[in-house]
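What the coordinates show
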Amino acid sequence: MQSVNIFRVTKDKAVRYVTFGTWALIVVVFAGAWWAVLAEPFILIPCVVMALVTLSVLGVLFYYYAISPRCIEVTADGIVLHRVRGRKLFPYVDIAEAAVWRGRPSSMLRYFGSGAFCGYIGWFSGGGLGSHFEYVGSYSDAFYIRLHSGRTYLLSCEDSEKVVKHIESALAA
C-alpha cells in the first residue's frame, strides 16, 4: 500500500481557543475543588466523590483528544484518517460520493460529541448532510464522503479540494 499524499488537519481559532480554555477551566475548577475537599479534616465520601468526578471528566477529555483528527492520507486503496490514537480507513469501494462541503456550521445540530474541544467530533445533523459523523478541525477545509451503506462523514484537511479530486478519480476508475 503506497502512500500518495498526507494532508494535515488544521485547527481553526475556535478549536484552539476552546481546547485551551477548557483545559485551563478544568485545572482552575478542580484545583479549587480539591483544595476545598482536602482543606477540611479527611472524610472518605467527599474524597471518593471528587475522585470519581475528576476521573470521569478527565476520561471524557482524553477520549476526545485521542480520537481527534491529525491528518488524512490518500492511498491507492482508500482514504485513511489518522487520529491521535488509531486510524479509520475509508476504502474507495465503500465510498459512493465525495465533495467539498459548502454548508454553514451555524446550521449544524450536535447530537453527541465535541463542539470545538480538540475539533468538531461526533454525531451532528444539518448542513445539507443529514445525520453524519464529523472529524473536523476547520469547517473552511471540510469535505464529505457518503458511503454506499448510507453513512456520511464530514472530514477536513488542508487542500481538501485535491483530496476530493483524488477520491473522484479513484471512484471513476
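Residues numbered from 1 in each chain as written. Predicted model: local features only at pLDDT ≥ 70, side-chain atom pairs only at ≥ 80, totals over all residues. Heavy atoms only, no water.

**Overview of the overall build of the chain**
Spelled out, the test is: The numbering of helices and of strands both runs from the N terminus, where a helix is a DSSP run of H or I of at least 4 residues and a strand a run of E of at least 2. C-alpha atoms define the radius of gyration in this analysis, and the globule rule sets the expected value at 2.2 Å times the number of residues to the power 0.38. Throughout, exposure labels follow a simple rule: accessible area from a 1.4 Å probe, protein chains only, divided by the maximum for the residue type, with under 20% read as buried, over 50% as exposed, and the rest as partly exposed. Residues count as neighbours in contact if any of their non-hydrogen atoms are within 4.5 Å of one another. The method behind every accessible area is Shrake-Rupley, applied with a 1.4 Å probe, and residues are considered shielded solely by the protein chains displayed.
Check the secondary structure of the chain and you find three helices and 10 strands. Across the chain, helices and strands are ordered from the amino to the carboxyl terminus as β-α-α-β-β-β-β-β-β-β-β-β-α. Relative to its length of 173 residues, the chain is extended, with a C-alpha radius of gyration of 20 Å against a globular reference of 16 Å. For the C-alpha atoms alone, the extent of the chain along its principal axes is close to 70 × 35 × 30 Å. When burial is assessed residue by residue, the chain has 42% of its 173 residues classed as buried. For the chain, the share of sequence-separated contacts (at least 6 apart) that also reach a separation of at least 24 residues comes to 51%. Total accessible area on the chain is roughly 9,600 Å²; 63% of this is exposed by carbon and sulfur atoms.

**Points about the pattern of salt bridges**
Two side chains that carry opposite charge are able to pair once their charged atoms sit near each other. Our working definition: One speaks of a salt bridge when a side-chain nitrogen belonging to Lys or Arg is within 4 Å of a carboxyl oxygen belonging to Asp or Glu.
All told, the structure shown has two salt bridges when counted by the stated rule. The salt bridge partner of Arg146 is Glu97, with a shortest N-O separation of 3.2 Å. With Arg146 in strand β9 (residues 142–147) and Glu97 in strand β5 (residues 95–100), the pair connects residues that are 49 residues apart, well separated along the chain.

**Focus: helix α1 (residues 13–39)**
Our working rule: Multiplying 1.5 Å by the residue count of a helix minus one yields the expected span of that helix.
A rise of 1.5 Å per residue sets the reference length of α1, with its 27 residues, at 39 Å; its end C-alpha atoms lie 38 Å apart and thus fit the reference within 8%. Residues of α1 that are buried make contact with α2 (44–66), β6 (108–116) and β7 (119–126).

**Side note on unusual backbone geometry**
Phi is positive for Cys118, close to 65°, though the residue is something other than glycine. Mapped onto the elements of the fold, Cys118 is located in the loop between β6 and β7. We note that Asp159 has phi near 60°; this positive angle belongs to a residue other than glycine. Among the secondary structure elements, Asp159 is positioned in the loop between β10 (152–156) and α3 (160–172).

Just distances and angles here, no functional claims.
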